[in-house]
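Understanding the architecture of this molecule
Next come the chains, spelled out residue by residue.
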Amino acid sequence: MRAPCNLVKRSKCAIYCAVLVVTLNSVIFYKKQEDSRTCVSGVEHRSRGPIDGADPRVVALVRENYLQQPSNLPYNLSTNPKYKAAAKQDSWGLIYAYTRTMFEGHRGGVFIESGALDGEYLSNTLWLEQELGWTGLLVEPDPDSFRQMTFKHRKAWTTNTCLSRTTYPQETIHVGLRLGPGYVGNRWNYRGSSHTIGVQLGSAIYDKFLSLSEETYHTVQCFPLVSYLRALNMSTVDLLVLDMQGVEKDVLRAFLPSHPDLSVRVIVVEVTDDTPDLTFQHFMTTAGYTWVNQNKSSEWNDYIYVKRDDPDFSRISQLFKYLKTQLVK
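Residues numbered from 1 in each chain as written. Predicted model: local features only at pLDDT ≥ 70, side-chain atom pairs only at ≥ 80, totals over all residues. Heavy atoms only, no water.

**Some remarks on the state of the cysteines**
Where we set the bar: When the sulfur atoms of two cysteines come within 2.5 Å, that pair is taken as a disulfide. The secondary structure listing takes helices from DSSP runs of H or I that are at least 4 residues long and strands from runs of E that are at least 2 residues long, numbered from the N terminus. Burial here depends on accessible area, computed with a 1.4 Å probe over protein chains only, as a share of the maximum for the residue type. Under 20% is buried, over 50% is exposed, and the range in between is partly exposed.
Enumeration according to the criterion identifies one disulfide in this entry. The disulfide bridge from cysteine 162 ends at cysteine 222, spanning 1.7 Å between sulfur atoms. Here the disulfide of cysteine 162 and cysteine 222 is left-handed, its torsion about the S-S bond being about -50°. Taken together, the residues span a long stretch of sequence, with cysteine 162 in strand 4 (residues 162-163) and cysteine 222 in strand 7 (residues 213-223) at a distance of 60 residues. Take cysteine 162 and cysteine 222: they sit in the same class, and that class is buried.

Below you can see the structure in the form of structure tokens.
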């Protein structure tokens, strides 16, 4: 006796449904396994430690998300006479004298200036850009100062990040300083004393700025120096200026031993040491640099180093010896 047609259809439908349920369950099972493997893989990757600053993924991240191109607009520099006068005070004159002595006539060089403020005030690289056609990278972690920098239309790459004190990227808390209410002074001197949270400056002049300032706090992404160099395809930097309120030495310790294929010819390091840091001097000597001058003017210190295997080292050393005698007079 043949089963009614509708009964056969119901039986086939039930079979199809059962097959579908089994198939879906299998897909879900394997998907969960895949997700589990992905999760474990991610955990395993992170358990290996922080990702190195030279890792191609970090380099691509910097290049795609953290760099702003040089401006092609005319400069928009300050015309305020008080600002312009103050913008070349403190140790600016000494650094200018040394860098001009070395780079006079050297067109098309490359610089990196970390702690660039607004790109004009106390800038050690602006004259190189304007007079000799240099370009490079300006690094400024403070969001307000960086915003002002973008208005200057510098002919260099810019980034609102900071240089990492380690060989890997990290987030830090940036302490921005502003002149407190009721006080009169140059606001850029206070902004220039902004720093990474927890850093001890140990300097009387910075202690003064801190006591008279209001503080703001911002989370800032930091990358090792090598990440920026790889992202911008820079193999040689003619001038590296580090003015970062207390982390300069750590930045150099993280960079110099690790990347012999990258060359930095001249390094200017702002420090707040009351006496020379002999341990750091030994490190820089071992890394291949000669300390050509220490500026001890009031509380302002700057170490200037030249790489000993630089083709112009002999010429530069003689010029610097002569310049030092002139500065002492």
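**Structural notes on the pattern of salt bridges**
Test applied: Throughout this description, the term salt bridge denotes a Lys or Arg side-chain nitrogen within 4 Å of a carboxyl oxygen of Asp or Glu.
Applying the stated rule across the entire model yields 13 salt bridges. Of the charged contacts in the structure, one is a salt bridge between arginine 57 and aspartate 55, with a shortest N-O distance of 2.9 Å. The salt bridge involving aspartate 277 is made with lysine 249; its shortest N-O contact spans 2.7 Å. Highlighted residues: aspartate 277 in the loop between strand 9 (263-271) and helix 11 (278-286) and lysine 249 in helix 10 (residues 248-255), separated in sequence by 28 residues.

**Regarding unusual backbone geometry**
A positive phi is found at leucine 122, a non-glycine position, where the angle reads about 55°. Tracing the chain through its elements places leucine 122 in the loop between strand 1 (110-114) and helix 5 (126-132). With a phi angle near 55°, asparagine 233 is a residue other than glycine that sits in the positive phi range. Position of asparagine 233 relative to the elements: it lies in the loop between helix 9 (225-231) and strand 8 (236-242). Residue classification places asparagine 233 among the exposed residues on the basis of a relative accessible area of 66%.

**Regarding the confidence of the model for the chain**
Which entries qualify depends on this criterion: The score called pLDDT rates the predictor's confidence residue by residue, from a low of 0 to a high of 100. By definition, residues are in contact when any of their heavy atoms lie within 4.5 Å.
Averaged over every residue, the pLDDT of the chain is 78; the share at 70 or more is 67%. Element-level pLDDT for the chain is lowest in helix 1 (residues 5-47), with a mean of 48, against a maximum mean of 98 in strand 3 (residues 157-159). Between residues 18-24, whose pLDDT stays under 50, and residues either more than four places distant or in other chains, the model counts zero contacts. A low-confidence stretch, residues 27-41 stays under pLDDT 50, and its non-local contacts, those more than four residues away or across chains, total zero contacts.

**Brief notes about helix 10**
Taking burial as the measure, the eight residues of helix 10 include six buried ones, the bulk of the element. Residues Glu248, Lys249, Val251, Leu252, Ala254 and Phe255 constitute the buried set of helix 10. In this fold, the buried residues of helix 10 make contact with strand 4, helix 9, strand 8, strand 9 and helix 11.

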